[in-house]
Amino acid sequence: MVELTTPVRWLLRLVAVGYVLLLVAWPVSTVVREAFADGVGPVLDLLADPHVVHALSLTAQVAVQAVLINLVFGVTISILLVRHEFPGKRVLSALIDLPMAVSPVVVGLALLLIYNGRTGWFGPTLESWGFQVIFSGPGMIMATCFVALPLVIREVVPVLTEIGDEQEQAARSLGANTRQTFWRITLPSIKWAVVYGVVLSLARSLGEFGAVKIVSGNVVDRTQTATLLVETQYQGFQQSSAYAVSFVLAFASVLCIVVVSILRPKEKH
């Protein structure tokens, strides 16, 4: 391994920090500055607006439900990939990464084609049973689940692989059933990976725009989420309102990550 000289190390650090500042910190700080350009009062007044409250509330509801669904299926799929061998395992692993490679707009369009109530594959049948997917909550939750699917799995899989299955096998040899082994051995071993995956999934869900825009219809006080509200306000030349709502979304996402980083135990070397 080549040892870098001190000037080279400092140069690499400056390049890395500068890259993060230009790509993340500067844009976010600009949003914060513009949101509070006229003081705190206008922001508080905006957050009391019924349309904004509904958009933020709907965003939170969709995000939380999507995260819970991804939590259950994410942990299950992670255990399936690490602890079991089956035909098509590599295909399943590849499909999990599909949301990271496909544009969310394409995902929304695919859901629209399959579940719309007129010409969709399943939409007409579901709507005849009184269950509407497109332009309602279920479609928005499905779209959000899809885009955030890999985040829990890709946090949990490496940890499961690292800890191995020796403790689980020992628990089974002592008479523990599958449920007891999961709750007492597996889950405590992967809890921080699960928590971090959930936080990343929540942050991603709060900021989802493309797929949700296609399947929601962007109806005010019905299916308009906070990200769609930002677009509507910005295009309506209400930039201050758009910046304020953007700040709330960014603040919620950053707060989640900061809290988990603080609570997460330090790694022992």
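The rules behind the values
Residues numbered from 1 in each chain as written. Predicted model: local features only at pLDDT ≥ 70, side-chain atom pairs only at ≥ 80, totals over all residues. Heavy atoms only, no water. Helix = DSSP H or I, 4+ residues; strand = E, 2+ residues; numbered from the N terminus. Buried < 20%, exposed > 50% of the residue type's maximum accessible area, 1.4 Å probe, protein only. Contact = heavy atoms within 4.5 Å. Areas by Shrake-Rupley, 256 points an atom, 1.4 Å probe, with all protein chains shown as cover. Patch = residues over 30% accessible without salt bridge, like charges linked within 9 Å, V, L, I, M, F, W, Y side chains within 5 Å. Salt bridge = Lys/Arg side-chain N within 4 Å of Asp/Glu carboxyl O. pLDDT = per-residue confidence, 0-100. Disulfide = S-S within 2.5 Å. Axes fitted to C-alpha atoms, helices over the stretch in contact; angles between N-to-C directions. Parallel < 35°, antiparallel > 145°, perpendicular 65-115°, else oblique. Left-handed = near helix turned anticlockwise from the far one by under 90°. Nonpolar A, V, L, I, M, F, W, Y, C, P; charged D, E, K, R; others polar.

## What about the overall build of the protein chain?
When helices and strands are counted, the protein chain shows 13 helices and zero strands. Going from the N terminus to the C terminus, the protein chain shows its helices and strands as α-α-α-α-α-α-α-α-α-α-α-α-α. C-alpha atoms of the protein chain, sized along the principal axes, occupy 65 × 65 × 30 Å. Burial analysis of the protein chain (269 residues in total) assigns 32% to the buried set. Across the protein chain, the fraction of contacts at a sequence separation of at least 24, relative to all contacts at a separation of at least 6, is 69%. When the accessible surface of the protein chain is split by element, carbon and sulfur atoms take 68% of a total near 16400 Å².

## Comments concerning a nonpolar patch on the surface
Together, Tyr19, Val20, Leu23, Val24, Val28, Val32, Phe36, Val40 and Leu44 give the surface a local cluster of nonpolar side chains, amounting to about 780 Å² of exposed area. Secondary structure elements with two or more residues in the nonpolar patch: helix H1 (6-35) and helix H2 (40-47). Relative to the helices and strands, Val20 resides in helix H1.

## What to know about the confidence of the model for the protein chain
With 97% of its residues at a pLDDT of 70 or more, the protein chain shows a mean pLDDT of 87. Averaged pLDDT values over the elements of the protein chain bottom out at 82 in H2 and peak at 93 in helix H3 (residues 50-83).

## A closer look at the state of the cysteines
Counted by the stated rule, this structure contains zero disulfides. Cys145 takes part in no disulfide bond, and the closest cysteine sulfur to it belongs to Cys256, at a distance of 17 Å. Residue class for Cys145 comes out buried when judged on its relative accessible area of 11%.

## Overview of the packing of helix H6 (residues 104-115) against helix H8 (residues 137-163)
Think of two packed helices as two axes; the pair is described by the angle between the axes and how far apart they sit. Close contact between H6 and H8 brings their axes to 10 Å; oriented N to C, the two are set at 140 degrees. Our classification of the angle between H6 and H8 gives oblique. Of the two elements, H6 crosses H8, and the hand of that crossing is right-handed. Residues Pro104, Val107, Leu111 and Tyr115 of H6 touch H8, and the partners they reach there are Gly139, Met142, Ala143, Phe146 and Val147. A breakdown of the residues in the contact of H6 with H8 according to their chemical character gives eight nonpolar, one polar and no charged.

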